[in-house]
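Observations on the three-dimensional arrangement
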Amino acid sequence: MDRETRTPGIPRAPRQDLWTRASSRPGQGEGLSSEALFQAVGDNAYELDRDFRFLSFNSNCESYYGIPAEQALGGSIFDVLPGARESTLEALLRSAMASGRPVRVEMAGVVHPERWLEVTVFPTARGVGVAFRDRTNERLAVTALRESEERLRLAQEAGDVGLWDWDLRTGKVFWSDVYRRIWNVPPELTEPSLELFSASIHPDDRDRVLARLFQALHDPAVRSYSDEFRVPRSGEGDRWVLARGEIARDPLSKIALRVTGVCIDVTDRKAAEEALRESERRLRLAQEAGGVGSWDWDVVTDQLHWSESCHRMHGTDPSSPVTFGTWSTGIHPDDQEGVQAALQQALEDGSRGWSIECRYRRWSDQSLRWIGGRGSILRDPETGVPLRVLGVALDLTERREAEEKQRLLARELDHRAKNALAVVLAAVRLTSKADPAAFAASIEGRVEALARAHTVLAEGRWAGANLRALAEAELHAFSPHDSSQGSTASRVLLEGPDLQLDPSATQALAMALHELATNATKYGALSGPCGQVLLRWCVDEAADLLCLTWEERGAPTPVKPPARAGFGTRVIEATLADQLGGKVQRRWEPQGLLCEVQLPLDAIAPLRAKRVAEPH
């Protein structure tokens, strides 16, 4: 009776209770097994004789089994508790009876098998005693704890999450198996430490990591710690690790007592982030090169996200948030209604896409730009309600301007072609036909003058012509060089500032210069070897006029006014006076013709006239 028998695999109870002490005292069993003893104990307890009939059945047993003591006493345990037959309890009873030694086990109840009991069976002077306690709740708690720990272990393994714990009071450090694997710490290193933690960090990161850790520990207001750093691993290169911990502090002094946390291998995430940054950089460069901006409009919250290139396109600050209202406010008033209607229709009619082109007033400099927008509409799959619109914006200003120039050029070409044909037709009708050769030469010269004007305009893409370039082109054929004295000086001299002529004025001035030069060649200064022509011009900004003077010098014979106005005179009047609204005065000096012309700037050079009219 001095040893306690224990079923293998069942933990021994940490204490020696009353029943064990009673059974281990020879000669005292009679008194201790009395009814008073079984009734006084706090456990469920009963005593059986050597035939396994109840000698005692305390009140706790009555409550547990729901059987009155009077019904149990004297009856066989196998009749009162039928589940006891051929059960673990029967084996324990017979073992204790035969060996005279107490036995303690944990087992399922014979009446309530769903309950887990701690059972002590011990010999008494009259037979055998049984005491048991319900340990179901404790067993369930232990089982739940084990299951929780197993789930945590499996979760750590699946998520590659390592656990660590550092007791600052004792200096003891704990690392889980996953932690060791992440840090490449060999299993034989069973004593983790702060020194080993420090040595495992990449040298370039070590000082920063330790400084942040100790700063967090010494700041009483800090409750958590988080950092990312590299851990060199032999043969694998550097691994990126995310460490997070919660700091437990003394409630009064706020001194850090313990840090418990996790570590995660975030190398793949870091690589993905770097790849994403590189992809975004390439996208940004492509957008900038192509003049494209990306945008994302959350229809529900009205928040609008613009790429940097989109912000630049609209003249907004990338650091300031934008909304749909920010964008729509900049749309040109004449385009507002159309843009709003097109967008509303796309959102309401189930469309998957939307596109517009409109004029937009940039926020930064108030310049007017043409912006094109194209987007895809994302809808709720069940209701079809629009949720987001994602798309791109394109600056179409240059394209639009080119299209407008093309349209104006085509219209100008059409207008110039009609004018040229009209001039040719007039020249054919009005030129004297008495001398066929002279008629052909005259028509040919006038058509060539039109062709030269056309060439000058074409070189300027029909945006107009420079007055000097036009005069040089028209008068070059009439200015043979004086080679009698070895000189290459031109006999036609030009003086005046640069002035860009309107296309409509270019043709008129070309015809007028041609007629003046033809007249000088036939009757004036250019009819002899020594004569010259001086063509000079200036801009009278006060009067908003172009003042042009044709002056001939050195005619071989004194020049006289013509007896009648010929075709050339009529051309000069029709182009300069009638078409351009100018004034023409001619005087026939002995040296040659002096022709003074005043032309309104708004008729021949609208852009120059506009600049002159603007206040300085």
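Quick summary incoming for the structure in this document. The numbering scheme is per chain: residues are counted from 1 as the chain's sequence reads. Residue-level local features of this predicted model are given only where pLDDT is at least 70; pairs of side-chain atoms are given and counted only at 80 or more, and the full residue set underlies all totals for whole chains, interfaces and linings. Excluding hydrogens and water, the side-chain values take into account all heavy atoms of the structure.

Details of the overall build of the protein
Quick reminder of the rule: Elements are defined by DSSP. Helices are runs of H or I of four residues or more, strands are runs of E of two residues or more, and each kind is numbered from the N terminus. Partly exposed describes any residue whose relative accessible area lies between the buried limit of under 20% and the exposed limit of over 50%, with all areas from a 1.4 Å probe on protein chains only and scaled to the type maximum. Any pair of residues with heavy atoms lying within 4.5 Å of one another is described as a contacting pair.
Counting secondary structure elements, the protein contains 22 helices and 24 strands. Classification of the 616 residues of the protein by burial places 39% in the buried group. In the protein, the share of contacts with a sequence separation of at least 24, taken over all contacts with a separation of at least 6, comes to 51%.

Examining the sheet that holds strand 17 (residues 386-395)
For clarity, the threshold we go by: What makes two strands pair is DSSP finding at least two bridges between them. Here an angle of 0 to 180 degrees is reported between the N-to-C directions of two axes, which are lines fitted to C-alpha atoms, with helices fitted over the stretch in contact.
Strand order in the open sheet made by the six strands is 14-13-12-17-16-15, with antiparallel pairing throughout. Each of the sheet's edge strands pairs with one partner strand only, and the pair in question is strand 14 (322-323) and strand 15 (353-361). Inspection of the sheet shows strand 13 (residues 303-306) paired to strand 14 by two bridges, in the antiparallel sense. Among the inter-strand pairings, Leu304 is bridged to a residue of strand 14, identified as Val322. In the packing of helix 15 (residues 333-348) onto the sheet, the strands contacted are strand 12 (292-298), strand 15, strand 16 (368-379) and strand 17, and the crossing angle to strand 15 comes to about 165°.

Notes on the nonpolar core
Where we set the bar: Nonpolar cores are built from buried Ala, Val, Leu, Ile, Met, Phe, Trp, Tyr and Cys residues. Side-chain atoms within 4.5 Å join them into one set.
With 36 residues, the main nonpolar core has Leu535, Leu546, Trp550, Leu576, Leu599 and Ile604 as its most contacted residues. Residue assignment for this core shows that the elements contributing at least two residues are helix 18 (467-475), helix 19 (503-523), strand 21 (532-540), strand 22 (545-553), helix 20 (567-579), strand 24 (592-600) and helix 21 (601-604). If one sorts the elements of this core by residue count, helix 19 sits on top with nine residues. Setting aside chain neighbours within four positions, we find Trp550 in contact with Leu475, Leu513, Leu516, Ala517, Ala520, Val533, Leu534, Leu535, Leu593, Leu594 and Cys595. Core analysis: the second largest hydrophobic core is formed by 30 residues, Cys61, Ile67, Ala72 and Met107 among them.

Some words on the environment of Ala393
Looking at where Ala393 falls in the secondary structure, it is placed in strand 17. Ala393 gets classed as buried once you look at its relative accessible area, which sits at 3%. Each C-alpha atom of the pair Ala393 and Gly375 lies 8.7 Å from the other, and the pair is 18 residues apart in sequence. Setting aside residues up to four positions removed in sequence, Ala393 forms contacts with Gly291, Val292, Gly293, Trp295, Cys310, Met313, His314, Ile371 and Gly372.

Thoughts on helix 15
For clarity, the threshold we go by: In this analysis, the expected span of each helix is defined as 1.5 Å times one less than the number of residues it contains. Here the arc refers to the directions that run from the helix axis out to each C-beta atom.
For helix 15, spanning 16 residues, the distance from its first C-alpha to its last is 23 Å, which sits close to the expected 22 Å at 1.5 Å a residue. For helix 15, every residue scored as buried is listed here: Asp335, Val339, Leu343, Ala346 and Leu347. Down the axis of helix 15, the smallest arc covering the buried residues is 95°, so these residues share one side. Exposed residues on helix 15 whose side chains face more than 90 degrees from its buried face are Asp334, Glu337, Gln345 and Glu348. Close packing links the buried residues of helix 15 with strand 12, helix 14 (324-329), strand 15, strand 16 and strand 17.

Concerning the packing of aromatic side chains
So the rule is basically this: Any pair of Phe, Tyr and Trp rings, taking the six-membered ring for Trp, is counted once the centres come within 6.5 Å. Such a pair is stacked with planes under 30 degrees apart, edge-to-face with planes over 60 apart, and tilted for the rest. Placement of a charge over a ring requires the Lys NZ or Arg CZ to be within 6 Å of the ring centre, with the centre-to-atom vector within 35 degrees of the ring normal.
Counted according to the given criterion, the structure contains 19 aromatic pairs. Between Phe197 and Phe229 the ring centres are 6.4 Å apart and the planes differ by 90°, which places this aromatic pair in the edge-to-face class. Of this pair, Phe197 sits in helix 10 (residues 194-200) while Phe229 sits in strand 9 (residues 224-233), placing them 32 residues apart in sequence. Given the relative accessible area of 0%, Phe229 is considered buried. Members of the aromatic cluster, connected to one another through ring pairs, are Tyr46, Phe54, Phe57, Tyr64, Tyr65 and Phe132. One cation-aromatic arrangement involves Arg139 over Trp116; the distance from NZ or CZ to the ring centre is 3.8 Å.

Thoughts on a nonpolar patch on the surface
Note the cut-off: For patch building, the residue pool is restricted to those with more than 30% relative accessible area and no salt bridge; the joining distance is 9 Å between like charges and 5 Å between nonpolar side chains (Val, Leu, Ile, Met, Phe, Trp, Tyr). Residue burial considers only the protein chains on display, and all accessible areas are found by Shrake-Rupley using a 1.4 Å probe. Think of a salt bridge as a Lys or Arg side-chain nitrogen and an Asp or Glu carboxyl oxygen that are within 4 Å of each other.
Taken together, the side chains of Val300, Val385 and Leu387 make up a nonpolar region of the molecular surface, amounting to roughly 250 Å² of accessible area. Tracing the backbone shows Val385 in the loop between strand 16 and strand 17.

A closer look at helix 7 (residues 88-99)
What counts, and what does not: Identification of polar contacts relies on pairs of N or O atoms within 3.5 Å, with a donor-acceptor requirement for protein atoms, meaning one able to donate a hydrogen and the other able to accept it, and with residues adjacent in sequence counted only if both atoms are side-chain atoms.
The terminal C-alpha atoms of helix 7 lie 16 Å apart, and with 12 residues this matches the ideal 16 Å at 1.5 Å per residue to within 8%. Within the sequence span of helix 7, burial applies to Leu89, Glu90, Leu92, Leu93 and Ala96. Down the axis of helix 7, the buried side of the element spans an arc of 165°, and every buried residue falls inside it. Packing partners of the buried residues in helix 7 comprise strand 2 (44-49), helix 6 (77-80), strand 4 (103-108), strand 5 (116-123) and strand 6 (127-134). By the N-cap criterion, in which a side-chain oxygen at the helix start approaches the backbone nitrogen of a residue two or three places on, helix 7 is capped by Ser87, the distance to Leu89 being 3.2 Å. Phi turns positive one or two residues past the end of helix 7, at Gly100, with a value near 70°.

Side note on the pattern of salt bridges
A complete count under the given rule lists 31 salt bridges for this structure. Between Arg212 and Asp227 there is a salt bridge; the shortest N-O distance is 3.2 Å. Note that Arg212 is positioned in helix 11 (residues 203-218) and Asp227 in strand 9, a separation of 15 residues in sequence. Under the relative-accessibility criterion, Arg212 is labelled partly exposed at 39%. Classification of Asp227 as buried rests on a relative accessible area of 3%. With a shortest N-O distance of 3.1 Å, Arg239 and Asp265 are connected by a salt bridge. Linking Arg239 in strand 10 (residues 237-249) with Asp265 in strand 11 (residues 256-265), this pair joins segments that are 26 residues apart in sequence. The network of salt bridges with shared partners includes Asp165, Asp167, Arg169 and Arg258.

Comments concerning the packing of helix 19 against helix 20
Any two packed helices are characterised by how steeply their axes cross, that is the angle between the axes, and by the distance between the axes. Threshold: Relative orientations are named as follows: roughly parallel for angles under 35 degrees, roughly antiparallel for angles over 145 degrees, roughly perpendicular for angles from 65 to 115 degrees, and oblique for any other angle. Two helices that cross are described as forming a left-handed crossing if the nearer one is turned anticlockwise from the farther one by less than a right angle, and a right-handed crossing if clockwise. Asp, Glu, Lys and Arg are counted as charged, while Ala, Val, Leu, Ile, Met, Phe, Trp, Tyr, Cys and Pro are counted as nonpolar; the rest, among them Gly, fall into the polar class.
The N-to-C vectors of helix 19 and helix 20 enclose an angle of 150°; their axes lie 9 Å apart at closest approach. Here helix 20 runs roughly antiparallel to helix 19, going by the angle between their axes. Read as a crossing pair, helix 19 and helix 20 show a hand that is left-handed. Contacts between helix 19 and helix 20 involve Ser504, Ala508, Leu509, Met511, Ala512, Glu515 and Leu516 on the former and, on the latter, Phe567, Gly568, Val571, Ile572, Thr575, Leu576 and Gln579. Across the contact of helix 19 with helix 20, the residue classes tally to nine nonpolar, four polar and one charged.

Concerning the packing of helix 18 against helix 19
In the contact formed by helix 18 and helix 19, the axes pass within 10 Å of each other and the chain directions differ by 40°. Classed by the angle they form, the pair helix 18 and helix 19 counts as oblique. Relative to helix 19, helix 18 is oriented so that their crossing is right-handed. The segment helix 18 lies against helix 19, with Leu467, Leu470, Ala471, Glu474 and Leu475 engaging Thr506, Leu509, Ala510, Leu513, His514 and Ala517. For the contact of helix 18 with helix 19, the per-class residue count stands at eight nonpolar, two polar and one charged.

All quantities given are derived from atomic positions and should not be read as evidence of function.
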